[in-house]
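Secondary and tertiary structure notes
Spelled out, the chains give:
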Amino acid sequence: MSANEVFHHRRLACGAEFAAIALPGRHTTSFQIRLLCGLVDEPDDQLGLARIVEETVGKGTEKRTARQLSDAFDAIGAQAGSGVGRESIVFRCSCLPEFTAEALALHAEMLRTPTFPQEYCDVALELGLQELAAIEDDPSELASRLISPHAFGRLLGRHELGTRESLERINREAIVEFWRSNFSANRMQFTIGGAFDVEKVASDVDRLFAGFGDHVSSGRGCVPVEFNPGVRHHHKETEQQQILMCYPGVAVTHRDYAVERVMLGVLGGGMSSRLFTEVREKQGLVYWVGAWDDHPKGSGLIFLGASTTPARCDQTIRTLLREVERLGEDLTEAELQRAKVGIIAKMQTHGDITRARLGELSADVFHHGRPIGADEKTAQIQAVTTADIRRYLEEHPRDRLCVQTLGPRVMEALA
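What comes next is a walk through the structure. These figures come from a predicted structure and were not determined experimentally.

1. Examining helix 10 (residues 274-282)
- Listing the buried residues of helix 10 in full gives R274, L275, F276, E278 and V279.
- Two residues or fewer past helix 10, G284 is found with a positive phi of approximately 60°.

2. Observations concerning the sheet that holds strand 5 (residues 89-95)
- Read from one edge to the other, the open sheet built from 6 strands follows the order 1-2-6-3-5-4, with strand pairing classed as mixed. Here the strands that pair on one side only, and so sit at the sheet edges, are strand 1 (6-11) and strand 4 (79-84). Each strand of the sheet is rotated relative to its neighbour by a mean of 10°, with strand direction disregarded.
- Bridge count for strand 1 against strand 2 (residues 17-22) is 6 bridges, and the pairing is antiparallel. Bridge assignment links R11 to a residue of strand 2, and that residue is E17.

3. Overview of the side chain of H107
- Structurally, the position occupied by H107 is in helix 3 (residues 100-112).
- In terms of polar contacts, H107 uses its side chain to reach the backbone carbonyl oxygen of A103, at 3.0 Å.
- Once residues within four sequence positions are removed from consideration, H107 is found in contact with F31, I33, F73, A80, F91, R92 and C93.

4. Re the side chain of Q189
- Locating Q189 in the fold gives a position in strand 6 (residues 188-194).
- Given a relative accessible area of 4%, Q189 falls into the buried group.
- When residues no more than four places from it in sequence are discounted, the contact partners of Q189 are E17, Q32, I33, R34, L36, R220, V365 and F366.

5. Quick notes on the pattern of salt bridges
- In the structure shown here, the tally under the stated rule is 33 salt bridges.
- For the salt bridge of K236 with E136, the shortest nitrogen-to-oxygen distance reads 3.7 Å. Residue K236 is found in the loop between strand 7 (230-235) and strand 8 (241-248), and its partner E136 is found in the loop between helix 4 (118-135) and helix 5 (139-152); the two are separated by 100 residues along the sequence.
- The partner of R322 in a salt bridge is E329, with the nearest N and O atoms 3.0 Å apart.
- Its relative accessible area of 53% is what places E329 among the exposed residues.
- One network of salt bridges, with partners in common, ties together R255, D256, D388, R391 and E395.

6. Quick notes on the packing of aromatic side chains
- Per the stated rule, a full pass over the model turns up 8 aromatic pairs.
- Taken together, the aromatic side chains of F152, W288, W292 and F303 make up a single cluster linked through ring pairs.
- Its end group placed over the ring of F366, R34 keeps NZ or CZ at 4.7 Å from the ring centre.
- The positively charged end of K297 is found above the aromatic ring belonging to F366, 5.2 Å away from the centroid.

7. Digging into the nonpolar core
- Residues F18, I33, F91, L111, F183, F190 and F209 are the most contacted members of the largest nonpolar core, which totals 74 residues.
- Setting aside its immediate chain neighbours within four residues, L111 contacts I33, L35, F91, W179, F183, F209 and F212.
- Counting 42 residues, the second largest nonpolar core, distinct from the first, contains V279, V286, A291 and L327.

8. Examining unusual backbone geometry
- Backbone geometry at F116 places phi at a positive 45°, although glycine is not the residue there.
- Residue position: F116 is located in the loop between helix 3 and helix 4.

9. Considerations on the layout of surface pockets
- When its volume is computed, the second largest pocket comes out at roughly 380 Å³.
- Lining the second largest pocket are 20 residues, with G58, F73, A80, S82 and M110 positioned closest to its centre.
- Listing elements by their share of the lining of the second largest pocket, those giving two or more residues are helix 1 (49-56), helix 2 (66-75), strand 4, strand 5 and helix 3.
- The element best represented in the lining of the second largest pocket is helix 2, accounting for 5 residues.
- Partitioning the lining of the second largest pocket into residue classes produces 9 nonpolar, 6 polar and 5 charged.

Parameters at a glance
Residues numbered from 1 in each chain as written. Predicted model: local features only at pLDDT ≥ 70, side-chain atom pairs only at ≥ 80, totals over all residues. Heavy atoms only, no water. Buried < 20%, exposed > 50% of the residue type's maximum accessible area, 1.4 Å probe, protein only. Helix = DSSP H or I, 4+ residues; strand = E, 2+ residues; numbered from the N terminus. Pairing = 2+ DSSP bridges. Axes fitted to C-alpha atoms, helices over the stretch in contact; angles between N-to-C directions. Polar contact = N/O pair within 3.5 Å; in protein donor to acceptor, adjacent residues only side chain to side chain. Contact = heavy atoms within 4.5 Å. Salt bridge = Lys/Arg side-chain N within 4 Å of Asp/Glu carboxyl O. Phe/Tyr/Trp six-rings, centres within 6.5 Å; stacked < 30°, edge-to-face > 60°. Lys NZ or Arg CZ within 6 Å of the ring centre and 35° of its normal. Core = buried A, V, L, I, M, F, W, Y, C linked by side-chain atoms within 4.5 Å. 1 Å grid on protein atoms, 1.4 Å probe; cavity = no way out; pocket = protein on both sides within 12 Å on 5 of 7 lines; lining within 4 Å. Points joined across faces, edges and corners; volume = space filled by probe spheres on them. Nonpolar A, V, L, I, M, F, W, Y, C, P; charged D, E, K, R; others polar.

See below:
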């Protein structure tokens, strides 16, 4: 933990997990309310339901209409938003410190007493159908949607928009039932950062959410990834060929997570990375190339992606895999240090933004079950050596690939 960071972490009497980081001198307060329910909790025949609930829960309460609720947030200058994920639904808010109590009370009212007006449910479902149709015109998003069920499995690989058929089966009763079954203080993680009175906020959260929902403390376990390797192609008459491939990595909590981050930094972190310089700058194979990780709770996958022309897709995929292998052969100390500096600089930059620092705290509580200081993370990154990278590559071979291509041509490179 940094000497400048003081965390408070405990379970409140209402059932919610509470974590706070005091950031004296900041002029804003940010908080997140993470409900431990998401796409994995949707009924099999109602995919897309969690997103519809997230979009409609703020469309009116027992005391206010949707407009009155929006006006109340605007009146205190609160910037509120939300998002749905595989395993959680997150409500975010940033405001001036003096309006923290009001912003908290509005969120409690919104989450505890939503009315889900029929007209807003209908609009949300119609917009969901339109967004689904729009994905067909977005090749990169479509490729991501296609690979997810094979990369992550039946539950974790679900798309937030569901399918046309599943959206058409959702009605207001299903929306209310999902909220009633999954929204509760016992499935809630509350995190806050900025300048505020920690004990007063903890007391307010405890009071505002006391008796909220059932008493079942679920949603805190891991949903296993069901990785299904193979090469799959989706034919589409496009000018570009989309390539996505992935293989198992490590969980955020694994001892080699820092090693994985540095390896990805060397591979795809910025314009000096190996993929950018070799695949794009030297060979001119792609207009976009990248490497990243994706982490459901308790697991992780490494992704490589590129957009290229159909004629160059085979050479591109061979080059992508070759660059990963080459890391174990000729990684230099200069590359290692550059990647580490880039990661640490990004962490420090995030730390200067209250909302971003709070987002990291929320993720740490979700994945690790505790706050983690910037110093601890920095030390883990700084300790990574070239030998660690080589060992990681040996212990995590790329002999099981899940590949999705999209475009006019079936690739031959992995046939």
